[in-house]
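Topology and contacts: notes
Below, each chain spelled out in residue letters.
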Amino acid sequence: MLAFLSLISYSQIEVDIRVDPQRLSRTLQLIVGERSPFSGQRHLAAVEGFIEEELKSYGLAAESDYFSYRGKKFRNIIGRLTAQREAMSIILAAHFDSVQGTPGADDNASGVAVLLEAARFLSQTRLRSQLLFCAFNLEELNMIGSTYFAKKLKTAKTRIDAMISLEMVGYTNSLPGSQKYPTGLSWLYPDRGNFIGVIGNWNSHSLLRRFARQMGRVPGLPVETLSVPGNGGLIPAVRLSDHAPFWDAGYPALMVTDTSFFRNPHYHRSSDTLDTLDLDFMAKVCEGVIRGVLGL
């Protein structure tokens with residue numbers, strides 16, 4: 001498979017973005033496998049260590065963000081890229097745990113692989129913004145790790161201008177009727193599952209518009225957006241990732257997703273394996289995420 005190549009203008013400099021599907025594949029091979037804190041503890045710990053070492057290898061300051069759950073200690077992994085002049089503070093995130101009984105390829109090894117590749121690229125770019133690359137733990141237990149982190153930021157009155165959650169970004173199906181939606185939305189969107197979705201709430205409307213516009217500039221990557229009122233309570237499915245605690249804390253936040261169980265029949269099943277993923281699509285999504293961050 002060929003690497004994707006495009007040029008974007010950033011601070012009047014042409015930036016060459018290359019996302020190699022095979023590089024994503026190699027990262028996925030190291031992550032895919034049961035990562036439940038109940039039945040996949042060993043691999044969960046191995047993936048934590050892998051993410052930490054990868055972030056360090058990019059020259060980022062890697063931190064362990066510890067929290068407790070049911071009397072046990074867990075951690076998020078944070079990679080910090082500090083700008084010379086902090087015009088904005090941006091979080092790019094993905095969760096690395098999985099549910100019991102599933103290798104979690106799309107959910108959410110795909111998001112972690114894109115997070116790491118985006119971090120690798122962006123760490124080599126001079127930015128005006130401070131970036132935090134957050135690998136969250138225990139998302140599958142109702143966003144435990146990200147809720148802890150969002151509340152900690154809010155308590156400290158930390159300024160966060162944008163939070164982007166990468167939640168299942170690797171599955172496609174181009175057959176008619178392959179894409180489903182929450183009640184009332186199907187007539188607004190395509191019935192083929194070959195696009196990437198970007199979801200925000202009304203507080204994140206400006207962020208949604210700007211980020212999705214940049215993603216839409218990737219050749220061959222259809223992008224669909226949804227803006228929901230309040231914090232998404234009218235459509236509970238849009239709250240099922242690590243952006244939701246940031247909405248609740250009043251921060252502008254987005255979820256980038258292949259729409260999860262509205263498209264992927266392997267969701268939370270043992271069949272959520274690497275061979276079901278569309279690596280070319282993932283590479284385009286990764287390029288779009290990089291563009292989106294730079295566009296902010």
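To start, this report covers the structure provided alongside it. Everything numeric in this text was worked out from a predicted model, so none of it was measured. (Residues numbered from 1 in each chain as written. Predicted model: local features only at pLDDT ≥ 70, side-chain atom pairs only at ≥ 80, totals over all residues. Heavy atoms only, no water.)

1. With respect to the overall build of the protein chain
As a reminder, the rule being used: For the purposes of this entry, the term helix denotes a DSSP run of H or I that reaches at least four residues, the term strand denotes a run of E that reaches at least two, and both are numbered from the N terminus. As a reference, a globule follows 2.2 Å times the number of residues to the power 0.38, and the radius of gyration itself is taken over C-alpha atoms. Note on classification: 1.4 Å probe, protein chains only; a residue is buried when its accessible area is under 20% of the maximum for its type, exposed when over 50%, partly exposed between these limits. By definition, residues are in contact when any of their heavy atoms lie within 4.5 Å.
Helix and strand counts for the protein chain stand at seven helices and ten strands. In summary, the protein chain has a C-alpha radius of gyration of 17 Å against a globular reference of 19 Å for 296 residues, a match within 12%. Evaluated residue by residue, the protein chain yields a buried proportion of 58% over its 296 residues. For the protein chain, restricting intrachain contacts to residue pairs at least 6 apart in sequence, the fraction spanning at least 24 positions comes to 74%.

2. A word on the packing of helix α1 (residues 21-31) against helix α7 (residues 279-295)
The cut-off we apply is this: Helix axes are fitted to C-alpha atoms over the stretch in contact, other axes to C-alpha atoms as well, and angles between N-to-C directions run from 0 to 180 degrees. An angle counts as roughly parallel when it lies under 35 degrees, as roughly antiparallel when it exceeds 145, as roughly perpendicular when it falls between 65 and 115, and as oblique in every other case. Side-chain classes are defined by residue name, with Ala, Val, Leu, Ile, Met, Phe, Trp, Tyr, Cys and Pro counting as nonpolar, Asp, Glu, Lys and Arg as charged, and the others, Gly among them, as polar.
Their axes nearest at 9 Å, the elements α1 and α7 cross at an angle of 100°. Classified by the interaxial angle, the pair formed by α1 and α7 is roughly perpendicular. Every residue of α7 that contacts α1 at Pro21, Leu24, Ser25 and Leu28 is listed here: Leu279, Asp280, Met282 and Ala283. Its residues placed into classes, the contact of α1 with α7 shows six nonpolar, one polar and one charged.

3. Remarks on helix α4 (residues 144-155)
Put simply, the test is: Here the expected length of a helix is defined as 1.5 Å per residue gap, with one fewer gap than residues.
The end-to-end C-alpha distance of α4, which contains twelve residues, comes to 17 Å, matching closely the 16 Å that a straight helix rising 1.5 Å per residue would cover. Elements that come into contact with the buried residues of α4 comprise β3 (61-69), β4 (72-81), β5 (89-95), β6 (130-136) and α6 (244-248). At the exit of α4 stands lysine 157, carrying a positive phi of roughly 55°.

4. Digging into the packing of aromatic side chains
To describe a pair of aromatic rings, you give the distance between the ring centres and the angle between the ring planes. How we decide: Two rings belonging to Phe, Tyr or Trp (six-membered ring only in the last case) form a pair when the distance between their centres is within 6.5 Å. Interplanar angles under 30 degrees mark stacking, angles over 60 mark edge-to-face geometry, and anything in between is tilted. Remark: a charge is flagged as sitting over a ring if the NZ atom of Lys or the CZ atom of Arg is within 6 Å of the ring centre and within 35 degrees of the ring normal.
A complete count under the given rule lists nine aromatic pairs for this structure. Both rings, one in phenylalanine 136 and one in phenylalanine 149, keep their centres 5.8 Å apart while their planes meet at 55°; by these two values the pair is tilted. In this pair, phenylalanine 136 sits in strand β6 while phenylalanine 149 sits in helix α4, placing the two residues 13 residues apart along the sequence. Between the NZ or CZ atom of lysine 73 and the centre of the ring of tyrosine 66, over which it lies, the distance is 5.2 Å. If you follow lysine 154 out to its NZ or CZ, it ends over the ring of tyrosine 251, 5.4 Å from the centre.

5. Remarks on the sheet that holds β6
Heads up, the rule is: Following DSSP output, two strands are said to pair if at least two bridges run between them.
Spatially, β3-β4-β6-β5-β7-β10-β8-β9 is the arrangement adopted by the eight strands of the open sheet, whose pairing is mixed. In the strand order of this sheet, the two ends are held by β3 and β9 (223-228), each with one partner. Taken pair by pair, the neighbouring strands of this sheet meet at an average axis angle of 20°, ignoring direction. Along the sheet, helix α3 (residues 105-122) makes contact with β4, β5, β6 and β7 (162-167), crossing β5 at roughly 145°. Packing against the sheet, α4 makes contact with β3, β4, β5 and β6, and its axis sits at approximately 105° to β3.

6. What to know about the nonpolar core
Keep this limit in mind: Nonpolar cores are built from buried Ala, Val, Leu, Ile, Met, Phe, Trp, Tyr and Cys residues. Side-chain atoms within 4.5 Å join them into one set.
In this structure, Ile51 and Phe133 are the most contacted members of the largest nonpolar core, which totals 60 residues. Looking at this core element by element, the count peaks at eleven residues for α3. Not counting chain neighbours up to four residues away, the residues in contact with phenylalanine 133 comprise Leu55, Leu60, Ile77, Ile78, Gly79, Leu81, Leu92, Leu115, Ala119 and Leu122. If you look at the next biggest cluster of nonpolar residues, it comprises 26 residues, including Cys134, Ala150, Val238 and Tyr251.

7. Examining the packing of helix α5 (residues 205-215) against α7
Here is the rule: Left-handed describes a crossing whose near helix is turned anticlockwise from the far helix by less than a right angle; the clockwise case is right-handed.
Following both chains from N to C, one finds α5 and α7 inclined at 135°, their axes separated by 7 Å at the closest point. When the interaxial angle is binned, α5 and α7 end up oblique. When the axes of α5 and α7 are compared, the crossing they make is right-handed. Contact with α5, carried on its side by Arg210, Phe211, Gln214 and Met215, involves Val285, Gly288, Val289, Arg291, Gly292, Val293 and Gly295 of α7 and no other residues of that element.

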